[in-house]
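# Chains, contacts and geometry: an overview
Take a look at the letters that make up each chain.
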Amino acid sequence: MNPVDMLQDARFTRRSFVAGSLGALAAALLAEELSPLTAFAEDSAPAGPMDPSRRDGVIDTICEMCVWRCGVRATVRDGRVVKLDGNPDHPHSLGKLCPRGQAGLLTAYDPDRLKYPLIRAGKRGSGLWRRATWDEAMDYVAEQMKRIAGDYGPQAMVFSSTHNPMQVQFENLLNAYGSPNYGTQRSLCFNAMITANQLTFGVDEPGRDYANARYIVYAGRNLAEAISNSETQELVDAIARGAKVVVLDPRFTKTAAKAHRWLPVRPGNDLAFFLALIHELLANGDYDRAFVARHTVGFEALKAEVEPYTVEWASAKTEIPAETIRAVAAELGAARPRAFVHPNWRTSNFINSFQTERAIAVLNALIGAWGAPGGVCEVSGESAVELGAPPQPPYPRVSALRLDGVPWKYPLVPLKLGIFQNIREAVITGQPYQAKGWFIYRQNPVLSLPDRGRTLEAFNKLELIVNVDISMNDTAWYSDVVLPEATYLERFDPLIVVGDRVFIRQPVIKPLFESRSGLMIFQDLGTRLGLKDFFQYKDELDYLGYQVKPLGVSVEELRQAGSVKVKLPPIDTYLFRTPSGKVELKSSLLAAANQDAVPTWQEPPRPTAVAFYLLTGKVAQHTQFATQNNRYLHELEPGNALWMNPGPAAARGLADGETVVVKSRSGEVRVPLRVTEAIRSDCVYLTPGFGHVSKALMTAFDSGVSDSDLHETFTDPVSGGQALSQTFVTVEKV
Ligand code: SF4
């Protein structure tokens, strides 16, 4: 049976949804429109772990509309969630939700959501499926995974997921199964930033003290649109208090609109800007000599390296006036140490981005921002809190090489980050061995990886593709078995640590249809694979019971309170987990690996005169590739258009609104043009996340185009980051 047809019956009537009043309007619309689903939900929902007496009222849980994981207060009436609000007691929401968070209630009531297990009944991507029972689907998956392990070894199964709280049990499954091959989306995002900060300070990502900051520099981070709720609020408050903000971005983003200086830097050349700032501060003696003397190594090597990187040199590279670079250096020096250069997020834009992130980390050290009020610091939390776990035996020893080349080809890439795009390439080439199966959880590589054609080529090499998700996303569409997970409003996940608090994500309504929590899906599969000893819990509450044991509370107490405070060991701010125990301006690990050990210039490629840099970014209404099928968010931002500056548009005879052909070496798309002054004339911009190919996403299907049809694959040899802005395109009339 074709699920598209089955799903069509339960569709809502589309209603207009007005920006800016999401919450109240959502409640009003839902009261009216969800009634047809209610009966279905009541009939089909299994008993689950929800206590019926708690079904109405306000229940605290955690948002999953993006990775920021804000605290949510869910209002439930007659067993239906009717309103989501920000939890004022959660440090990530501070009482507010962004548009995606408020629209999150449609994840549970999306008529297109997966309702029961499906097994492919036609060619991959044909959309032909048959409904299966959980027993049948799980037996099939377990049987195929056992066959692959028996015929080719467990390393022939690849596992991948987003970085999420359930990762602990997903990784438990792959470790127990015995595969070394695990990928997350991190190499498409912040490998450069984390690798650079690890090598400099020994931390993944320094925290920022906005409350006391007087001067903040961003390079591409767009907090007003790529919303990280609490940090976005902190930025707004800092500006209101008088902090000065500098934004380097080839686009005039909404964050740039709030900045004191918008510097439309030439893409890939922000490294030159930061090297010149270092040069200028050192040349003027405008740095924190005491901090450098006490806490750093490699100062002389740094000073020698940056000698040629003058502001005039950087101006020619960046196309930012020399006097502006000089002024920023002076302002940064005057504000220090109550200042920071933000480490940014999706930083792997060019293969020199690792050097850019190193230069940023080194700058923060030079201005004495580390550990200072208004500067950057180590963040305690997740790793410092000990949670309990069910008993289990040791994992089997794995000797197979990782398909992503870490660490045997990429010794400096942190093991936990990996290089996701390399896994796909290894599946295509069969080197160093041929993968045969791919188990994908809460992830959509068909849209997220560059060069969609190559991702589908990799899928063609596989004998088994399994997908666990809440919707028939584009990757599920090309899978063999699709298993429906309960949405975040219907399930427990493993506990979530934020700072010195432990939070619980808990169901606020019963799981609809036949969806199940990841905790139970992986336990069931593990049992069928003969790995039951690795999943020794009866149900979700039993699993959480093990987790809360060291915290001194019961699961029920935690459910009522929403969170519990824990005592963290004190942090020694100046004990750096680097080989020298100091801030490494010159990195000993980079030197040992024959890489540039102090920040240095690496010339990025540039497009020819007839081509453009292809930029991608974010809008406030969507999260990556996951929210375009949400009706409310779709109506706020239904598709994408190609941004182009009026100069090149006029030179090509292109008019605002007309459809153009955009071509790269990977592929081409046809998309409407948006002519705007808000972008450099050598760049074009496309919002990612559109161009879904799954016909089961009946709202998002065929809306907009996907940048994954254009992006080429370039991997930074040091951090493994995918250089997303290094793709150049031409734009022509249709
Ligand atoms: Fe949800 Fe928005 Fe918070 Fe992300 S930032 S967790 S989408 S409310």
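Residues numbered from 1 in each chain as written. Predicted model: local features only at pLDDT ≥ 70, side-chain atom pairs only at ≥ 80, totals over all residues. Heavy atoms only, no water.

### Thoughts on the overall build of the chain
Applied cut-off: Numbered from the N terminus, helices here are DSSP runs of H or I no shorter than four residues, and strands are runs of E no shorter than two. Atoms considered for the radius of gyration are the C-alpha atoms alone. The globule rule reads 2.2 Å times the number of residues to the power 0.38. Accessibility here uses a 1.4 Å probe with only protein chains present; expressed as a share of the type maximum, an area under 20% marks a residue as buried, one over 50% as exposed, and anything in between as partly exposed. In what follows, residue pairs with any heavy atoms lying within 4.5 Å of each other are defined as contacts. Reported accessibility uses the Shrake-Rupley method at a 1.4 Å probe radius. Residues are deemed covered only where the shown protein chains occlude them.
Helix and strand counts for the chain stand at 26 helices and 27 strands. In terms of overall size, the chain behaves like a compact globule, its C-alpha atoms giving a radius of gyration of 25 Å where 734 residues would be expected to give roughly 27 Å. Over its C-alpha atoms, taken along the principal directions, the chain stretches across nearly 75 × 65 × 55 Å. Per-residue burial for the chain yields a buried fraction of 62% across its 734 residues. In the chain, once contacts between residues fewer than 6 apart in sequence are set aside, the share between residues at least 24 apart is 74%. Roughly 26,100 Å² of accessible area belongs to the chain as shown, and the carbon and sulfur atoms make up 52% of that amount.

### Regarding the domain arrangement of the chain
Formally: An automatic or database domain assignment provides the domain bounds reported here. What counts as buried area is the accessible surface, traced by a 1.4 Å probe, that two parts surrender upon association, with contributions from both included. Salt bridges, as used here, are contacts in which a Lys or Arg side-chain nitrogen is within 4 Å of a carboxyl oxygen on Asp or Glu. In the analysis that follows, any N or O atom pair within 3.5 Å is treated as a polar contact, provided that within protein one partner can donate a hydrogen and the other can accept it, and provided that, for residues neighboring in sequence, both atoms belong to side chains. In this classification, the charged set is Asp, Glu, Lys and Arg, the nonpolar set is Ala, Val, Leu, Ile, Met, Phe, Trp, Tyr, Cys and Pro, and all remaining amino acids, among them Gly, are polar.
Considered domain by domain, the chain is made up of domain 1 (118–188 + 397–504 + 518–533), domain 2 (191–380 + 575–592) and domain 3 (612–733). A separation of 28 Å is found between the C-alpha centroids of domain 2 and domain 3. Facing 24 residues of domain 2, the contacting portion of domain 3 comprises 26 residues. Roughly 2,000 Å² is buried in total at the junction of domain 2 and domain 3, and carbon and sulfur atoms are behind 58% of that figure. Here domain 2 and domain 3 share 1 salt bridge between them. Residue Arg-680 is joined to Glu-319 by a salt bridge in which the shortest nitrogen-to-oxygen separation is 2.6 Å. Taken together, domain 2 and domain 3 are joined by 9 residue pairs in polar contact (both at pLDDT 80 or more). Partitioning the side of domain 2 that touches domain 3 into residue classes produces 13 nonpolar, 6 polar and 5 charged.

### Concerning the nonpolar core
Filter applied, for reference: Remark: nonpolar core denotes a set of buried residues (Ala, Val, Leu, Ile, Met, Phe, Trp, Tyr, Cys) joined through side-chain atoms within 4.5 Å.
By size, the foremost hydrophobic cluster in this structure holds 66 residues, and its most contacted members are Leu-248, Phe-273, Phe-274, Leu-277, Ile-278, Leu-302 and Leu-366. Top contributing element to this core by residue count: helix α11 (residues 270–283), with 10 residues. Residues within four places of Phe-274 in sequence aside, it is in contact with Val-217, Ala-219, Val-341, Thr-356, Ala-359, Ile-360 and Leu-363.

### Some points on the pairing of strand β17 (residues 481–484)
This is how it is decided: Two strands are counted as paired when DSSP detects at least two bridges linking them.
Along β17, one buried face is formed by Val-481 and Leu-483 and the opposite face, lined by Val-482 and Pro-484, is buried too. By the bridge criterion, 2 bridges tie strand β4 (residues 118–120) to β17 in an arrangement that is antiparallel. Looking across to β17, one finds that Ile-119 is bridged to Val-481. Two elements, strand β16 (residues 464–469) and β17, share 4 bridges in a ladder whose sense is parallel. Counterpart to Asp-469 in the pairing with β17 is Pro-484.

### Section: the confidence of the model for the chain
Put simply, the test is: Along the chain, pLDDT gives the predictor's confidence residue by residue, from 0 to 100.
Residue-level pLDDT values for the chain average 91, and 92% of them are 70 or greater. Ignoring residues within four places in sequence, the model shows residues 1–53, a span with pLDDT below 50, making 105 contacts including any to other chains.

### Quick notes on the sheet that holds strand β20 (residues 563–565)
How we decide: Axis geometry follows a simple rule: fit a line to the C-alpha atoms, using only the stretch in contact for helices, then measure angles between N-to-C directions, giving values from 0 to 180 degrees.
Across the sheet, 3 strands lie side by side as β18-β19-β20; this open sheet has antiparallel pairing. Two strands bound the open sheet, and with one partner strand each, they are β18 (496–498) and β20. Within the sheet, the average angular offset between the axes of one strand and its neighbour, ignoring direction, is 25 degrees.

### Quick word on the site of the ligand
Defined as follows: To be near a molecule or strand, a residue needs just one of its heavy atoms within 4 Å of it.
Around the ligand sit Cys-63, Met-65, Cys-66, Trp-68, Arg-69, Cys-70, Leu-97, Cys-98, Arg-100, Gly-101 and Asn-229, and those are all the residues in its vicinity. A breakdown of the residues in the shell around the ligand according to their chemical character gives 7 nonpolar, 2 polar and 2 charged.

### Description of unusual backbone geometry
A cis amide bond, omega -5 degrees, links Val-406 with the succeeding residue Pro-407. For Pro-407, the location among the structural elements is in the loop between β14 (376–377) and α17 (420–429). Across the junction of Gln-431 and Pro-432, the peptide omega takes the value 0 degrees, indicating a cis bond. In this structure, Pro-432 sits in the loop between α17 and β15 (437–441). Of note in the backbone geometry, Leu-94 takes a positive phi value of approximately 50 degrees without being a glycine. Within the secondary structure layout, Leu-94 lies in the loop between β3 (80–86) and α4 (99–102).

### Observations concerning the environment of Thr-578
Its place among the elements puts Thr-578 in the loop between β20 and β21 (583–584). Judged by its relative accessible area of 10%, Thr-578 falls in the buried class. In this structure, the C-alpha to C-alpha distance between Thr-578 and Leu-589, residues 11 residues apart in sequence, is 8.9 Å. Those residues in contact with Thr-578 that sit more than four places away from it in its chain are Gln-198, Leu-199, Thr-200, Phe-201, Gly-202 and Glu-584.

### Observations regarding helix α19 (residues 452–459)
As a reminder of what qualifies: Taking the helix axis as origin, the arc is that swept by the directions to the C-beta atoms.
Buried residues of α19: Arg-452, Thr-455, Ala-458 and Phe-459, and no others. Across the axial projection of α19, the buried residues extend over an arc of 115 degrees, all falling on one side. As for α19, its buried residues are in contact with α17, β15, α18 (445–448), β16 and α20 (474–477).

### Section: the packing of α11 against helix α13 (residues 299–306)
Cut-off, in case you're wondering: To sort the angles, those under 35 degrees are grouped as roughly parallel, those over 145 as roughly antiparallel, those from 65 to 115 as roughly perpendicular, and the leftovers as oblique. In a left-handed crossing the near helix is turned counterclockwise from the far helix by less than a right angle, and in a right-handed crossing that turn is clockwise.
Their axes nearest at 9 Å, the elements α11 and α13 cross at an angle of 110 degrees. As judged from the angle between their axes, α11 and α13 are roughly perpendicular. In terms of crossing hand, the pair formed by α11 and α13 is left-handed. Taking contact as the criterion, the partners of Leu-275, Ile-278, His-279 and Leu-282 in α11 are, on α13, Phe-299, Leu-302, Lys-303 and Val-306. Here the contact of α11 with α13 is built from residues that sort into 6 nonpolar, 1 polar and 1 charged.

### Thoughts on helix α14 (residues 311–318)
Residues of α14 that are buried: Val-311, Ala-314, Ser-315, Lys-317 and Thr-318. Angular distribution of buried residues about the axis of α14 spans 165 degrees; they occupy a single face of the element. Where the residues of α14 are buried, they touch α11 and α15 (322–335). Looking one or two residues beyond α14, the residue adopting positive phi is Glu-319, at roughly 65 degrees.

### Topic: the sheet that holds strand β10 (residues 244–248)
Taken together, 4 strands build an open sheet; the order of strands is β11-β10-β9-β13 and the sheet is parallel. Among the strands making up the open sheet, the edge pair consists of β11 (261–263) and β13 (339–341). On average, adjacent strands in this sheet sit at an angle of 10 degrees to one another, irrespective of strand direction. Taken together, the 5 bridges between strand β9 (residues 215–219) and β10 define a ladder with parallel strand orientation. Note on β10: the bridge partner recorded for Tyr-218 is Val-247. Seen against the sheet, α11 touches β9, β10, β11 and β13 and runs at an angle of roughly 150 degrees to β9.

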